[in-house]
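# Survey of secondary and tertiary structure
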Number of protein chains: 2
Amino acid sequence: MQTLQEKLVAEFGIDFSDLALLETAFTHTSYANEHRLLKISHNERLEFLGDAVLQLIISKYLYQKYPDYPEGEMSKLRSTFVREESLAGFSRACGFDRYIRLGKGEEKSGGRNRDTILGDAFEAFLGALLLDKGEKTVEAFLYQVMIPQLEVGNFERVTDYKTALQEILQVNGEIAISYRVVSESGPAHDKVFEVEVSVDERAIGRGKGRSKKLAEQAAAKNAVEARG
Amino acid sequence: MQTLQEKLVAEFGIDFSDLALLETAFTHTSYANEHRLLKISHNERLEFLGDAVLQLIISKYLYQKYPDYPEGEMSKLRSTFVREESLAGFSRACGFDRYIRLGKGEEKSGGRNRDTILGDAFEAFLGALLLDKGEKTVEAFLYQVMIPQLEVGNFERVTDYKTALQEILQVNGEIAISYRVVSESGPAHDKVFEVEVSVDERAIGRGKGRSKKLAEQAAAKNAVEARG
């Protein structure tokens, strides 16, 4: 297996200087606790720093990208982008999961695939990167890894309107919600899908998107909003 | 009265380029709402940005200043530093209150001295400064205006251990808490005070600090912690 350092150079052009710092970013408390006598640092302090730099970079991105959004909308989007599940997804996509140092108990109970641990390691990595290379590099990394995914809505539960719709409708017992594509338009590289959502075969919303998944979300959003 | 621009140059060496942006930072929603037809921007979006840059700069400061603090302690300190009352205090100290554009109703009801409005304007100013001059300048401004005050604990309710102690002890009725200086040491520019806190003339804690006020807080903290 590639070392983490090699991987970072190869995939992101990041040549970490302080390898101890990098190691700390990938050390879960459970590992540090198991090796207490060695006084190994864990990643919680770096996570604190990484969270803050992430928030700022995402805030700047949203401010520039959506000049007409009120503060409330930007806040909502930001919290969706930086939520644990989303960060865990980016952590997996970067292959970070394989490099986290876990305690034995945590490893046994499946900690390596736990969203909290993966998301925290992602933030801790950003914190370490901030210290090692500065904010510009953190920004470049996020613009390579995270922002393009945000732009296509391709990450864990942006705002999961499908789930929201289900929760709203199922309050009164089991119901059958279905989605179907009603049209596809545009050239192959720039397709637009239109989806209709129905409940018990009655249409309650429509939406468009650049993938079926996004169009379904848009249709669910339309249905949720129609219910006021 | 000096214009805000003149004041910023004179006191902080900040020569704002985008004066419309600066004006927006000091425009409360109530003012924008009253002049709706003029489509005046208010400061909420800038506040969103300013809050994020403030959090990052304070996080970096805490990370470096307290290398032994766990994440939880840093979080607690950060939220005390950036709480509304604290930011409102810095806004007043900078004389920002006089420059905020308020709606008439808000002005009449004392909005100019309201912590929310003052704190938000402080954050919005940081946001505007970030856009106009970049993060280094925001950092320099905070290291001039805010950080020195944090270091001496001289801001609204850092963690007010004296009040905390009083609240703990008064649960069982009125009691007399007193503080007295038990020693002063060091040269004039670098004095250290030691204070003892007593309840009904029985000593319950001691603490040191670079001012009587700080030593009292330290003594109260010691007493609070001794009670577990």
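Thresholds, definitions, all that
- Residues numbered from 1 in each chain as written.
- Chains lettered and ligands numbered in written order.
- Predicted model: local features only at pLDDT ≥ 70, side-chain atom pairs only at ≥ 80, totals over all residues.
- Heavy atoms only, no water.
- Helix = DSSP H or I, 4+ residues; strand = E, 2+ residues; numbered from the N terminus.
- Buried < 20%, exposed > 50% of the residue type's maximum accessible area, 1.4 Å probe, protein only.
- Pairing = 2+ DSSP bridges.
- Axes fitted to C-alpha atoms, helices over the stretch in contact; angles between N-to-C directions.
- Contact = heavy atoms within 4.5 Å.
- Core = buried A, V, L, I, M, F, W, Y, C linked by side-chain atoms within 4.5 Å.
- UniProt positions renumbered as here; feature names shortened; annotations may be inferred.
- Domains from an automatic or database assignment.
- Least-squares fit on C-alpha atoms with pLDDT ≥ 70 in both.

### Quick look at unusual backbone geometry
- Phi is positive for Lys39 of chain A, close to 50 degrees, though the residue is something other than glycine.
- Tracing the sequence through the fold places Lys39 of chain A in the loop between helix H3 (29–34) and helix H4 (44–65).
- For Lys39 of chain A, a relative accessible area of 74% translates into the label exposed.
- Non-glycine residue Asp200 of chain B carries a positive phi angle of around 50 degrees.

### Details of the sheet that holds strand E3 (residues 202–209) of chain B
Residue and element names in this part refer to chain B.
- Strand order in the open sheet made by the three strands is E1-E2-E3, with antiparallel pairing throughout. Among the strands making up the open sheet, the edge pair consists of strand E1 (177–185) and E3. Sheet twist, expressed as the average angle between the axes of neighbouring strands with direction ignored, equals 25 degrees.
- Relative to E3, strand E2 (residues 192–199) runs antiparallel, the two being bridged by seven bridges. Pairing of Val195 across the sheet is with Gly207, part of E3.
- Across the sheet, helix H11 (residues 161–169) is in contact with E1, E2 and E3; its angle to E1 comes to roughly 145 degrees.

### What to know about the nonpolar core
- Core analysis: the largest hydrophobic core is formed by 100 residues, its most contacted members being Phe122, Phe125 and Phe141 of chain A together with Phe122, Phe125 and Phe141 of chain B.
- If near-sequence neighbours (up to four positions away) are discounted, Phe125 of chain B is found in contact with Leu8, Ile14, Phe16, Leu22, Ala25, Phe26, Phe96 and Phe141 of chain B.
- With 13 residues, the next largest nonpolar core counts Leu165, Leu169, Ile204 and Ala223 of chain B among its residues.

### So, the environment of Asp18 of chain A
- By the secondary structure assignment, Asp18 of chain A is in the loop between helix H1 (4–12) and helix H2 (19–25).
- C-alpha separation for the pair Asp18 of chain A and Leu131 of chain A, spaced 113 residues apart in sequence, amounts to 9.1 Å.

### Structural notes on the UniProt feature "active site" (unreviewed entry) in chain A
- In the numbering used here, UniProt assigns the "active site" (unreviewed entry) feature to Asp51 and Glu123 of chain A. A maximum C-alpha distance of 5.5 Å places the annotated residues, which cover 73 residues in sequence, within one compact spot.
- Inspection of the secondary structure puts Asp51 of chain A in helix H4.
- Ignoring anything within four residues of it in the chain, the contact list for Asp51 of chain A reads Glu123 of chain A together with Arg78 of chain B.
- Considering the arrangement of structural elements, one finds Glu123 of chain A in helix H8 (residues 115–133).
- If sequence neighbours within four positions are ignored, Glu123 of chain A has contacts with Leu46, Glu47, Gly50, Asp51, Leu54 and Leu87 of chain A.

### Section: the domain arrangement of chain A
- Once the domains are mapped, chain A shows domain 1 (4–151) and domain 2 (161–226).
- If you average the C-alpha positions of domain 1 of chain A and of domain 2 of chain A, the two centres end up 32 Å apart.

### A look at the relation of the copies chain B and chain A
- Turning chain B through 179 degrees and shifting it by 0.1 Å along the axis lays it on chain A, with an RMSD of 0.8 Å. These values place the two chain copies in the arrangement generated by a two-fold rotation axis.
- A symmetric contact is evident, with 100% of the interface residues of chain B recurring at the interface of chain A.

### Description of the sheet that holds strand E2 (residues 192–199) of chain A
All names here are of chain A.
- The three strands are arranged E1-E2-E3 in an open sheet whose pairing can be described as antiparallel. Pairing within the sheet leaves two strands with one partner each, and these edge strands are strand E1 (177–185) and strand E3 (202–209). Neighbouring strand axes in the sheet, compared pairwise and without regard to direction, differ in orientation by 25 degrees on average.
- Note that E1 and E2 share eight bridges and pair antiparallel. Within the sheet, the bridge partner assigned to Tyr179 lies in E2 and is Val197.

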